[in-house]
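# Coordinates in review
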There are 2 protein chains.
Amino acid sequence: MIYRVNLTIIPLHNMILPTPSSKVIKYLILSGKFMPSLRHLVTSRDKYKPLLITNLGKDGKRITNGERGVINAGTQLNAFIAFSNAKSSLFSEIRGGEFMTPYGEFYIRANNVESIDIDRIEQKIVEYLDKNIDITFITPAILSSKLLLPPSMKEKFKDINVGFSTLPSVGLIVAHAYNLYCNVIGKKEIENKAFKLAVLANALSRVIGYNLIPVTTGISKNRKPRGVIGWIKFDIPYEKLKRRVLKYLIVASYLGIGRSRGIGFGEIKINSNPIYGNRKTYK
Amino acid sequence: MIYRVNLTIIPLHNMILPTPSSKVIKYLILSGKFMPSLRHLVTSRDKYKPLLITNLGKDGKRITNGERGVINAGTQLNAFIAFSNAKSSLFSEIRGGEFMTPYGEFYIRANNVESIDIDRIEQKIVEYLDKNIDITFITPAILSSKLLLPPSMKEKFKDINVGFSTLPSVGLIVAHAYNLYCNVIGKKEIENKAFKLAVLANALSRVIGYNLIPVTTGISKNRKPRGVIGWIKFDIPYEKLKRRVLKYLIVASYLGIGRSRGIGFGEIKINSNPIYGNRKTYK
């Protein structure tokens with residue numbers, strides 16, 4: 001099961017939020033004040049850990065750079081924490097109230113908990129199957145190009161630092177989502193499978209449109225990896241592959257994609273749009 | 001040797017150019033009025049034929065859709081024809097003058113012939129080696145996604161029509177350029193090599209910036225494949241691979257990239273820019 005705990009967060013005085021603003025919730029978990037059982041996920045250095053703590057949102061946008069302006073007391077901000085493999089005791093830890101943090105004082109309310117059963121994800125796939133796949137990167141996705149390297153060559157090129165991809169391909173997105181999915185279900189030794197999936201997804205996808213923007217992210221003063229925001233719309237005209245891809249992306253729509261999801265990077269949304277256009281023109 | 005014949009083309013009366021405007025030169029070659037020895041290249045259906053006939057250019061832009069407006073008599077238009085493997089007799093066919101076409105009457109002047117010796121391309125590579133690779137798609141590049149499919153799987157997926165990629169990857173660009181290069185030098189049975197090159201170029205390239213725009217091209221009323229215009233800037237922090245990539249791209253800077261180069265699609269330019277940014281930030 002994957003869970004998403006939707007929160008309303010209200011500053012109790014005028015304040016400048018930290019960068020990234022997800023630090024507020026991260027602090028509350030690490031200090032044991034809110035859902036302390038998630039601490040092991042927050043501190044885990046696993047690249048594909050099943051955790052997304054979003055940045056705080058205002059007016060439909062996430063605040064990634066808190067230093068940009070003052071947030072007034074009483075402003076309704078929203079965020080969510082998504083995770084999987086939770087102990088049932090965790091849910092008794094979802095208690096709202098007033099909390100002091102190094103960034104200021106907040107009132108927090110848990111609105112609801114959504115969940116998705118990975119064993120029943122097929123039902124969800126069907127909703128998307130006859131439509132284009134339309135992904136919005138709500139916050140910068142930090143994607144590692146080297147996922148596209150054949151596993152047999154990883155050793156040879158281990159000293160070559162190519163950094164993160166500012167221009168994602170369908171294969172790179174899907175390979176990240178697949179790694180995350182496998183981590184959630186506990187599947188191991190998937191490197192070759194992830195590589196083959198990436199190759200197939202690149203070769204058999206039809207990108208219909210996109211508006212992608214490379215960005216330099218500010219995780220901290222010294223860590224500013226490159227990432228990408230925007231949207232991409234594509235189809236995979238091979239149903240067997242499309243079903244697989246949708247399965248992984250639906251999981252990613254809860255847990256995000258790429259690096260630093262634990263502090264709100266790589267939050268994505270899957271929209272569903274009818275397939276349009278005359279396919280016969282794509283010759 | 002690859003040659004580029006640079007032309008000035010002046011309409012002798014006000015006219016509407018055809019779409020694409022490269023049809024003017026194509027007509028002159030096919031009708032035997034100008035450089036008739038290129039006819040076999042113009043009519044060749046080889047996807048990687050060594051021929052680029054550009055669209056007509058005005059004010060630094062190519063006219064892909066001639067129906068957009070009237071071109072006045074006396075306007076100086078430019079274009080070039082690039083090709084390889086030419087007989088030396090071809091050059092005696094470069095004769096300017098006044099020519100009648102179904103689109104109107106033109107004065108044509110050959111300004112100069114540039115050439116590049118593929119056996120000496122190393123000298124050119126050195127110019128770009130310590131810089132980012134910056135490619136501009138001057139006219140829409142029509143790139144086939146299926147070049148990214150492992151050759152062993154081509155048969156299995158032959159009925160799946162994914163069309164052309166509106167979102168190019170470094171690997172896809174390089175694989176197209178490699179196929180063209182091999183055709184120029186007469187190298188055969190390169191499918192596996194092209195696939196491996198594409199995989200490596202995707203995995204080991206660092207895209208620094210881009211502004212890519214998917215477009216629907218108008219080759220004719222019934223053929224409107226999707227393509228891409230704009231620019232992409234990347235580096236390959238592995239010199240051996242970068243040298244190979246540059247070799248193929250330099251050839252493509254003469255002959256273009258992707259489909260329909262014989263009518264002016266896929267014209268590209270390689271700019272050279274200093275590598276900037278602190279690489280240590282790309283962790």
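Rules used in this analysis
Residues numbered from 1 in each chain as written. Chains lettered and ligands numbered in written order. Predicted model: local features only at pLDDT ≥ 70, side-chain atom pairs only at ≥ 80, totals over all residues. Heavy atoms only, no water. Axes fitted to C-alpha atoms, helices over the stretch in contact; angles between N-to-C directions. Helix = DSSP H or I, 4+ residues; strand = E, 2+ residues; numbered from the N terminus. Parallel < 35°, antiparallel > 145°, perpendicular 65-115°, else oblique. Contact = heavy atoms within 4.5 Å. Nonpolar A, V, L, I, M, F, W, Y, C, P; charged D, E, K, R; others polar. Least-squares fit on C-alpha atoms with pLDDT ≥ 70 in both. Buried < 20%, exposed > 50% of the residue type's maximum accessible area, 1.4 Å probe, protein only. Pairing = 2+ DSSP bridges. Expected span 1.5 Å × (residues − 1). 1 Å grid on protein atoms, 1.4 Å probe; cavity = no way out; pocket = protein on both sides within 12 Å on 5 of 7 lines; lining within 4 Å. Points joined across faces, edges and corners; volume = space filled by probe spheres on them. Salt bridge = Lys/Arg side-chain N within 4 Å of Asp/Glu carboxyl O.

### Points about the packing of helix α4 (residues 170-185) of chain A against helix α6 (residues 239-255) of chain A
Residues and elements named next belong to chain A. The contact between α4 and α6 brings their axes to 8 Å, and the two run at 75°. Judged by the inter-axis angle, α4 sits roughly perpendicular to α6. Contacts between α4 and α6 involve Ile173, Val174, Ala177, Tyr178, Leu180, Tyr181 and Val184 from the former and Arg244, Val245, Lys247, Tyr248, Leu249, Val251, Ala252 and Leu255 from the latter. For the contact of α4 with α6, the class distribution of residues is 13 nonpolar, no polar and 2 charged.

### Digging into the relation of the copies chain B and chain A
Once turned by 180° and shifted 0.0 Å along the axis, chain B lies on chain A with an RMSD of 0.0 Å. Taken together, the turn and the small shift mark the pair as related by a two-fold rotation axis. Distance from the rotation axis, computed per C-alpha, reaches its smallest value in chain B at Ser169 of chain B: 3.4 Å. The residues that chain B uses at the interface reappear at the interface of chain A in 100% of cases, marking a shared surface.

### Let's talk about the pairing of strand β5 (residues 77-84) of chain B
Residue and element names in this part refer to chain B. In terms of burial, β5 is largely enclosed, as 7 of its 8 residues are buried. Pairing of strand β1 (residues 2-11) with β5, which is carried by 8 bridges, proceeds in the antiparallel orientation. Its bridge partner lying in β5, Ile2 is registered against Ser84. Across 3 bridges, strand β2 (residues 51-53) lies against β5 in antiparallel orientation. Across the sheet, residue Leu51 finds its bridge partner in β5, namely Phe83.

### Some details on unusual backbone geometry
For the peptide bond that leads from Thr19 of chain A to Pro20 of chain A, omega is -10°, which places it in the cis range. Despite not being glycine, Ser260 of chain B has its phi angle at roughly 60°, a positive value. Within the fold, Ser260 of chain B resides in the loop between α6 (239-255) and β13 (268-274). Under the relative-accessibility criterion, Ser260 of chain B is labelled buried at 18%.

### As for α6 of chain A
Within an α-helix, residues lying three or four positions from one another point in the same direction, as the helix has 3.6 residues per turn. Residue and element names in this part refer to chain A. Here α6 contains 17 residues, and its C-alpha end-to-end distance of 24 Å stays within 8% of the 24 Å for a straight helix at 1.5 Å per residue. Within α6, 12 of the 17 residues are buried, which leaves it mostly tucked inside the rest of the structure. Every buried residue belonging to α6 is among Leu241, Lys242, Val245, Leu246, Tyr248, Leu249, Ile250, Val251, Ala252, Ser253, Tyr254 and Leu255, and all of these are buried. Just downstream of α6 lies Gly256, where phi reads positive at about 85°.

### Observations regarding empty space enclosed by the protein
With the rule as written, the count across this model stands at 5 cavities of 30 Å³ or more. Here the largest cavity defines a volume of roughly 120 Å³. Ser145, Leu148, Ser165, Thr166, Leu167, Ser169 and Leu172 of chain A together with Ser169, Val170, Asn202, Ser205 and Val207 of chain B are the residues that line the largest cavity. Among the residues making up the lining of the largest cavity, the classes are represented as 5 nonpolar, 7 polar and no charged. Of the pockets and cavities examined, the second largest cavity occupies roughly 100 Å³.

### Let's talk about the pattern of salt bridges
Taken as a whole, this structure holds 18 salt bridges over all chains when the rule is applied. As a salt-bridge pair, Asp130 of chain A and Lys131 of chain A come within 3.9 Å of each other at their nearest N and O atoms. Taking relative accessible area as the criterion, Lys131 of chain A reaches 25% and is therefore assigned partly exposed. A salt bridge links Arg62 of chain B to Glu267 of chain B; its shortest N-O distance comes to 2.8 Å. Of this pair, Arg62 of chain B sits in strand β4 (residues 61-62) while Glu267 of chain B is found in the loop between α6 and β13, placing the two residues 205 residues apart along the sequence. Glu267 of chain B sits in the buried class, given a relative accessible area of 4%.

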